[in-house]
Amino acid sequence: MTTRPPITLSIAGTDPSGGAGIHADLKTFTARKTMGTTVITALVAQNTHGVSRVYPVDVDFVADQFDSVLGDLPVDATKSGMLGSRDLVELVVARAAEGRLGFFTVDPVMIATSGHRLLETDAVDAVRTHLLPVADLITPNLPEAALLISDDEPEAQTTEAMRDQAGRLLERGPGAVLLKGGHGSDDEVIDILATSDGQVREFTHPRVTTMNTHGTGCTLSAAITAEVAVLGRERAAAAGGPADPAAPTGKDRSRAAIGSDLLGEAVGNALDFLARALNSAADWQLSLDPEGAHGPVDHQVDIVRDRPA
Ligand SMILES: Nc1ncnc2c1ncn2[C@@H]1O[C@H](COP(=O)(O)OP(=O)(O)O)[C@@H](O)[C@H]1O
Ligand SMILES: Cc1ncc(COP(=O)(O)OP(=O)(O)O)c(N)n1
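The structure contained in this document is the topic of the report that follows. Quick caveat: nothing in here was measured; it's all calculated off a predicted structure.

Okay, the pairing of strand E5 (residues 103-106) next. Burial of the side chains of E5 extends over both faces: Phe-103 and Thr-105 are buried on one face and Phe-104 and Val-106 on the other. Pairing of strand E4 (residues 77-80) with E5, which is carried by four bridges, proceeds in the parallel orientation. Residue Ala-77 lies in a different strand from E5, and its bridge partner there is Phe-103. The parallel pair E4 and E5 is bridged by helix H3 (residues 86-97), and the resulting crossover is right-handed. Sheet analysis places E5 next to strand E6 (residues 137-138), joined by two bridges and oriented parallel. Within E6, the residue paired with Val-106 across the bridge is Ile-138. For the handedness criterion, the β-α-β arrangement of E5, helix H4 (residues 124-134) and E6 is classed as right-handed.

This is the structure we're talking about:
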């Protein structure tokens, strides 16, 4: 009998300083016990002070990367982060429709916290109308949720308004919406998970006092994707079904197989991981120029340091 680890895929841009994008995703995939793979959409010069330049990858070459990964490896779950342009959004939509991405999380990255645009303005409509319907889960922050609803929708200021917006985003076709409340200022952070079976769950945790929040959205969406891959394979094996279906995982099949209880468990586990990673790095000072720097979270928090090899 052959075995293999759960396989995850990140479609995203880079962060050479290691806190966000593909770099955060791969570290998180590893920390959450999956084998991470990547399709790189853009090379981004950025660090804990912000983005200085974006070098987009040709659509053709992004397509070749998809072929390399998906033509060879049975991916259990995928996340997308920075897509950059309308053409790349359309390419990802086409690949998702082929049914080989497994469970598909869309982190609708638009603007870095430092203010730099990571999605061209003319791509927003393609995300709204084409990408959301092929996602099993979307993970917008407060400004992204408002913009995905409409150009003049205000950001949610209350939990009630977050629930309402999560419901309206569900109507655009994703299997589930995790509306993240990290951009608020209360002592408690609330994230709302609304699923297409009508359930709404609230996840509440204490706000960590720290400057080191660079890449929290990337880390969370990667952690949820990894959790779904791990839990999904465990459940399939326990049920005696094929953990490794030969046929591609069609969209309806992957949503039905995951179910809202498993997704709720995956989100809870991922948020616990992120809280540990935030707390562990809360006092870090990494930058040579600490004033105004937003450092990363500690993706290695669960990996024991200083242990002899
Ligand atoms: N200071 C913090 N303390 C605790 N959790 C946080 C903090 N900042 C962000 N988070 C959590 O990190 C996740 C992503 O945060 P958010 O800032 O909303 O998204 P993004 O990084 O995409 O802008 C959310 O689940 C949020 O609850
Ligand atoms: C390449 C790349 N992708 C996404 C982001 C945004 O990261 P996010 O986790 O949403 O939060 P901030 O880092 O902006 O706080 C990024 N910076 N780079």
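Our next topic: unusual backbone geometry. Positive phi, normally seen in glycine, also occurs at Lys-33, with a value near 65°. Tracing the backbone shows Lys-33 in the loop between helix H1 (21-31) and strand E2 (35-47). Its relative accessible area of 68% is what places Lys-33 among the exposed residues.

Right, let's get into the side chain of His-299. Its location among the elements puts His-299 in the segment after helix H8 (251-280). Taking relative accessible area as the criterion, His-299 reaches 4% and is therefore assigned buried. Those residues in contact with His-299 that lie beyond four places of it in its chain are Gly-18, Gly-19, Ala-24, Lys-27, Thr-28, Ala-31, Thr-219 and Phe-273.

Glancing now at the pattern of salt bridges. Summed over all chains, the structure comprises 16 salt bridges. Residue Asp-107 is joined to Lys-180 by a salt bridge in which the shortest nitrogen-to-oxygen separation is 3.7 Å. You can see Asp-107 sitting in the loop between E5 and H4 and its partner Lys-180 sitting in the loop between strand E7 (176-179) and strand E8 (188-195), a full 73 residues away along the chain. For Lys-180, a relative accessible area of 10% puts it in the buried group. Across the pair Asp-151 and Arg-128 runs a salt bridge, and its minimum N-O distance is 2.7 Å. With Asp-151 in the loop between helix H5 (142-149) and helix H6 (159-170) and Arg-128 in helix H4, the pair connects residues that are 23 residues apart, well separated along the chain. Assessed through its relative accessible area of 10%, Arg-128 is described here as buried. Each of the salt bridges in this network shares a partner with another, and the network as a whole consists of Arg-32, Glu-227, Arg-276 and Asp-302.

Right, let's talk about the site of ligand 2 for a bit. Residues in close proximity to ligand 2 total 16 residues, the closest being Gln-46, Thr-113, His-214, Gly-215 and Cys-218. Gly-215 places a main-chain nitrogen or oxygen 3.0 Å from an oxygen atom of ligand 2. In the model, an oxygen atom of ligand 2 is placed 3.0 Å from a nitrogen or oxygen of the Gly-217 main chain. Within the complex, the protein chains bury 92% of what would otherwise be the 430 Å² of accessible surface of ligand 2. Ranked by residue count, the leading element in the shell around ligand 2 is helix H7 (residues 216-238), at three residues. Class assignment for the residues of the shell around ligand 2 results in six nonpolar, 10 polar and no charged.

Rules used in this analysis
- Residues numbered from 1 in each chain as written.
- Chains lettered and ligands numbered in written order.
- Predicted model: local features only at pLDDT ≥ 70, side-chain atom pairs only at ≥ 80, totals over all residues.
- Heavy atoms only, no water.
- Buried < 20%, exposed > 50% of the residue type's maximum accessible area, 1.4 Å probe, protein only.
- Helix = DSSP H or I, 4+ residues; strand = E, 2+ residues; numbered from the N terminus.
- Pairing = 2+ DSSP bridges.
- Right-handed = clockwise from strand over helix to strand, strands pointing away.
- Contact = heavy atoms within 4.5 Å.
- Salt bridge = Lys/Arg side-chain N within 4 Å of Asp/Glu carboxyl O.
- Near = heavy atom within 4 Å.
- Polar contact = N/O pair within 3.5 Å; in protein donor to acceptor, adjacent residues only side chain to side chain.
- Areas by Shrake-Rupley, 256 points an atom, 1.4 Å probe, with all protein chains shown as cover.
- Nonpolar A, V, L, I, M, F, W, Y, C, P; charged D, E, K, R; others polar.

Distances and angles like these do not, on their own, reveal function.
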